[in-house]
Amino acid sequence: MIWEQHCCLPLRHSARIEDLARYPLGSYLSVNVGYSAQDTADSLALLTRFRAQAAADPRFRLVASLDDIGDPDRIALAFDLEDSRPLGGDLDNVAMFYGLGVRSLLPTYNHANAAGCGCMDAEDTGLTAYGKDLVRALNEVGMFADGAHCSARTGLDIAAHTTAPMIYSHANFAALWEHPRNITDEQARACAATGGVIGVNGVGIFLGHNEPGARAERVAAMVDHICYGVDLVGVDHIGLGSDISFDGAEFNDEIRDNPGAFSDWYTRWGPLQWVPPEDLLGRSGFPGIDDLLADRGFRADERAKILGGNFHRVAARVWAG
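Treat the numbers as computed from the prediction; the structure is a model and nothing was measured.

Cut-offs used in this document
- Residue numbers restart at each chain and count upward from 1, following the sequence in its written direction.
- Where local features are concerned, this predicted model is filtered to residues with pLDDT of at least 70; where side-chain atom pairs are given and counted, the filter is 80 or more; whole-chain, interface and lining totals use all residues.
- Heavy atoms throughout the structure, all of them, feed into the side-chain values; hydrogens and water do not.
- A pair of aromatic rings is counted whenever rings of Phe, Tyr or Trp (Trp by its six-membered ring) have centres within 6.5 Å, and the orientation is called stacked for planes under 30 degrees apart, edge-to-face for over 60 and tilted otherwise.
- Helix and strand assignments follow DSSP, with helices taken as H or I runs no shorter than four residues and strands as E runs no shorter than two, numbered in order from the N terminus.
- The rule is simple: take the accessible area with a 1.4 Å probe, protein chains only, and divide by the maximum for that residue type; under 20% is buried, over 50% is exposed, in between is partly exposed.
- What makes two strands pair is DSSP finding at least two bridges between them.

**Q** Is there a simple way to explain the packing of aromatic side chains in this structure?
**A** Given two aromatic rings, their pairing is described by the distance between the two centres and the angle made by the two planes. Under the definition given, this model contains 16 aromatic pairs. Arranged with centres 5.9 Å apart and planes meeting at 40°, the rings of W3 and W319 form a pair that is tilted. Of this pair, W3 sits in strand β1 (residues 3-7) while W319 is found in the segment after α11 (300-318), placing the two residues 316 residues apart along the sequence. Side by side, W3 and W319 carry an identical accessibility label, which is buried. Between F206 and Y266, the ring centres sit 5.9 Å apart and the planes meet at 90°, which makes this aromatic pair edge-to-face.

What follows is the structure, encoded as structure tokens:
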């Protein structure tokens, strides 16, 4: 199976769940339903639309528990929030979103908010008191506390305050490619110490290969980050969160339309390029993740952990129900 811990449909009512069928049946997908541009009503409207589309399509199964994952004839579908703004400042909304299939939430998207600092902030003061209460609420409800897009100190504070494994749903390693969105070795070790997992992503600007034609290079760079992470924290703590946008043109429009949520780091190399499912799976005329990992000496059981088993294991520990 492929466990995709973070991918994105356009955050618009024109988005189509059917686009996710590019993943193989049997996969698990976590789909974003809001970041710092969305308020509570916006994310609820997206969730309502996405859930209705999935319920009407026999290829998909909405996730309420781990038992809903693993059907070889269905794609298991859950959701995530990339900022705490959709909570509207009300921590009771964590449970409300959980009931609608949201299974992970990160406190801050790139820039500081009521919960803490983001990876693009010049001053890093970490989680606020509200942010620490948010981590506690996530633990109590049974939702992943996610450090992606957060500042280094905020990520370390999540690790220090969580009572359950935390994750980085889609984050690469700064030691291989220096970008504010990539995480330090200290962050990775702290995440692993909680029992958590780091999902390596496939966005060109976080891999150092954002050229439109560099698709094979991006897949190989993802494997470089996977290998680095395994050497750093062990094979039990690395997974996939490719961050693929369906479709990418609309996300590049989102960057243009909401510049305050991003920075020059997102545009200095031109429009963002991604590793789509076809490239991950080796269906594009060059080797995919599994083949490249095998070439680098990973056993079948180790590859299975990276491709899905590790996130499945921590979900069994964290999720309620």
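Back to the write-up after that little detour.
**Q** So what exactly am I meant to see when it comes to the pairing of strand β4 (residues 75-81) here?
**A** Sheet faces and side chains relate simply in a regular strand, where the side chains alternate between the two faces. Taking burial as the measure, the seven residues of β4 include seven buried ones, the bulk of the element. Burial along β4 is two-sided: the face carrying I75, L77, F79 and L81 and the face carrying A76, A78 and D80 are both buried. When strand β2 (residues 28-32) meets β4, the two strands line up parallel, connected through five bridges. The residue bridging N32 from the neighbouring strand is D80, located in β4. Where strand β3 (residues 60-62) meets β4, three bridges bridge the pair, whose relative direction is parallel. Its bridge partner lying in β4, R61 is registered against A76. Summarising the sheet, β4 and strand β5 (residues 102-105) pair through three bridges and their orientation is parallel. Residue pairing for β5: D80 is matched across the bridge by S104.

**Q** I keep staring at unusual backbone geometry and nothing clicks. Help me out?
**A** Positioned with a positive phi, N110 is a non-glycine residue whose angle comes to about 70°. With respect to the helices and strands, the residue N110 is situated in the loop between β5 and α3 (129-141). At D243, a residue that is not glycine, the phi angle is positive and equals roughly 70°. With respect to the element layout, D243 can be found in the loop between β9 (238-240) and α8 (248-257).

By themselves, these are just geometric observations and shouldn't be taken as functional.
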